[in-house]
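Chain by chain, the residues run as shown.
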Amino acid sequence: MATSASAQLSKMVKQQYMELPQGDKVQAMYIWIDGTGEGLRCKTRTLDSEPKSIDDLPEWNFDGSSTYQSEGSNSDMYLIPSAMFRDPFRKDPNKLVLCEVVKYNHKPAETNHRHKCKKVMEMVDHQIPWFGMEQEYTILGTDGHPFGWPSNGFPGPQGPYYCGVGADKAYGRDIVEAHYRACLYAGVMICGTNAEVMPAQWEFQIGPCEGINMGDHLWVARFILHRVCEDFGVVASFDPKPIPGNWNGAGCHTNFSTKEMREDGGLKFIEECIEKLGKRHNYHIRAYDPKGGLDNARRLTGHHETSNIHEFSAGVANRGASIRIPRTVGQEKKGYFEDRRPSANCDPYAVTQALIRTCLLDEEGEEPVEY
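Counting restarts for each chain: residues are numbered from 1 in the order of the written sequence. pLDDT decides what is reported in this predicted model: residues at 70 or higher carry local features, side-chain atom pairs at 80 or more are listed and counted, and totals for whole chains, interfaces and linings draw on all residues regardless. Hydrogens and waters are ignored; side-chain quantities use all the structure's heavy atoms.

## Notes on the packing of aromatic side chains
Pairs of aromatic rings are described using the distance from one ring centre to the other and the angle between the two planes. As a reminder of what qualifies: Two rings belonging to Phe, Tyr or Trp (six-membered ring only in the last case) form a pair when the distance between their centres is within 6.5 Å. Interplanar angles under 30 degrees mark stacking, angles over 60 mark edge-to-face geometry, and anything in between is tilted. Helix and strand assignments come from DSSP, with helices taken as H or I runs of at least 4 residues and strands as E runs of at least 2, each series counted from the N terminus. Using a 1.4 Å probe on the protein chains alone, a residue whose accessible area is under 20% of its type maximum counts as buried, one over 50% counts as exposed, and one in between counts as partly exposed.
For the structure on display, the rule yields 10 aromatic pairs. Seen from their ring centres, Phe131 and Phe256 are 5.1 Å apart, and the 20 degrees between their planes marks the pair as stacked. With Phe131 in strand 6 (residues 130–140) and Phe256 in strand 10 (residues 252–257), the pair connects residues that are 125 residues apart, well separated along the chain. Of the two residues, Phe131 and Phe256, neither departs from the other in class, the shared state being buried. Taking 6.3 Å as the distance between ring centres and 65 degrees as the angle between the ring planes, the aromatic pair formed by Tyr161 and Tyr171 counts as edge-to-face. With Tyr161 in the loop between strand 6 and helix 3 (173–186) and Tyr171 in the loop between strand 6 and helix 3, this residue pair connects regions lying 10 residues apart in the sequence.

## Some remarks on the domain arrangement of the chain
As a reminder, the rule being used: What marks off one domain from the next here is an automatic or database domain assignment. For this analysis, residues touch if any pair of their heavy atoms sits within 4.5 Å. Summed over both partners, buried area is the accessible surface (1.4 Å probe) that two parts give up on being assembled. Salt bridge, as used here: a side-chain nitrogen of Lys or Arg that lies within 4 Å of a carboxyl oxygen of Asp or Glu.
Domain boundaries assigned for the chain yield domain 1 (22–111) and domain 2 (121–361). Each of domain 1 and domain 2 has a C-alpha centre, and these two points are 26 Å apart. The partner domain 2 presents 22 residues to the 19 residues of domain 1 that form the contact. Counting the surface domain 1 buries against domain 2, the share from its top three residues, Glu38, Phe85 and Phe89, is 36%. For the pair domain 1 and domain 2, the number of links is one salt bridge.

## Considerations on the side chain of Asp216
Examined against the element boundaries, Asp216 turns out to sit in helix 4 (residues 213–232). Looking at Asp216, the relative accessible area reads 3%, which means it is buried.

## Observations regarding the UniProt feature "domain: GS beta-grasp" (unreviewed entry) in the chain
This is how it is decided: UniProt positions are given in the numbering used here, feature names are shortened, and annotations may be inferred rather than shown by experiment.
The feature "domain: GS beta-grasp" (unreviewed entry), as annotated in UniProt, sits at residues 24–106 in this numbering. Annotated as 0% helix and 47% strand, the span residues 24–106 places its first and last C-alpha atoms 32 Å apart.

## Let's talk about the UniProt feature "domain: GS catalytic" (unreviewed entry) in the chain
In this structure's numbering, the residues bearing the UniProt feature "domain: GS catalytic" (unreviewed entry) are residues 113–371. Annotated as residues 113–371, this span is 34% helix and 17% strand, and its ends, taken at the C-alpha atoms, are 14 Å apart.

## Points about the sheet that holds strand 4 (residues 76–86)
Strands in a sheet are paired, the pairing made by backbone hydrogen bonds, and the direction either parallel or antiparallel. The condition is simple: Strands pair, by our definition, only if DSSP identifies at least two bridges between them. Think of each axis as a best-fit line through the C-alpha atoms, taken over the contacting stretch in the case of a helix, with angles from 0 to 180 degrees between the N-to-C directions.
Read across the sheet, five strands follow the order 2-1-5-4-3 without closing on themselves; strand pairing throughout is mixed. Edge positions in the sheet fall to strand 2 (40–47) and strand 3 (60–63), since each has one partner strand and no second. Taken pair by pair, the neighbouring strands of this sheet meet at an average axis angle of 40 degrees, ignoring direction.

## Thoughts on the nonpolar core
What tends to happen in soluble globular proteins is that the nonpolar side chains get buried as a cluster. We apply this condition: Nonpolar core, defined: a set of buried Ala, Val, Leu, Ile, Met, Phe, Trp, Tyr and Cys residues in which side-chain atoms within 4.5 Å join the residues together.
With 69 residues, the main nonpolar core has Tyr137, Val188, Ile206, Ile224, Phe256 and Phe337 as its most contacted residues. The element best represented in this core is helix 4, accounting for 10 residues. Three or more residues apiece are contributed to this core by two domains, here domain 1 (22–111) and domain 2 (121–361). With sequence-adjacent residues up to four places away left out, Tyr137 is seen in contact with Val176, Ala200, Gln201, Trp202, Glu203, Phe204, Leu225, Ala236, Ser237 and Phe238. Grouped together as the second largest cluster of nonpolar side chains are 14 residues, Leu47, Leu57, Val97 and Cys99 included.

## Some words on the environment of Val351
Along the chain, Val351 falls in helix 10 (residues 348–359). Classification of Val351 by relative accessible area gives buried; the value is 0%. Considering only alpha carbons, one finds Val351 and Thr254, 97 residues apart in sequence, at a separation of 8.2 Å. Not counting the four nearest positions on each side in its chain, Val351 is found in contact with Met133, Thr254, Ala287, Tyr288, Pro342 and Cys346.

As structure tokens, this is what we get:
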């Protein structure tokens, strides 16, 4: 199995250093989204005391020409602390700090979707929008081959792996367990996990989160997963179709509700939202993966529990539809709906704001409105 060289280093040797006292100083790891719209970067600075809120954290900068975010001749970009979590790798009092990226002129970077998402969420905060996102991912060796698969072939066909147990069915559970506990320690709103349909593919769920918190918590959960996989010497892939052919792709199904939808008679509002979504399908497809729909085109084929990328559909308990109404919601006439179109590598800020724009702000047409 192809694992990284760093995974072979003795973690026990490192541990003796990690147990040294750090005095009153605090290590803050600043995390940001790079110019690809899906890659994460990080670097650490020392603070003189433990920050109690975002306001206690200084702005910082980095070289944007090395992260696909600026030209070398004008490369300084700024990190604006936006959300803070406990650090499960260095432990208390150290912090993980999720940042927005702004350019030299303090305008948001092209892949900074959080800036607009926050504005949009503030416009509808009285409706108390809740989100839950189901993040699928695939564990790969450093050679790009799925973890646990035969080196020169394929495992048995899909069927026994979903929520499976046993060495011949669940590949990489150590990573899943380590990630789950690290998220709980950090304060990430992780609410569950399970093995997925393709072997070496897993899912974790984040939520329910209100407004901008959805994107913040999912991005930090992704960062923690990458760090855990780094320790194990393997790679977490969010590619929407990591293995071509008769294998399931990877999505990030997004559950959405408002206060009205969750109250008696809420199904009426759910159906109204679905009607609006049906008229704006192309806009959502463009917002639901970082390549404007090209990544999702490999996944949304109408097979393997997906809808067809070119058609909008909705149904109760239908996993082949664009929008699924859970059966209990259909029975109780209230609750939430699930948008099954977002890809595994989507930007949750782009996805959640697109849902708000269409469903609650009644935007129409192919382009988002400027606020």
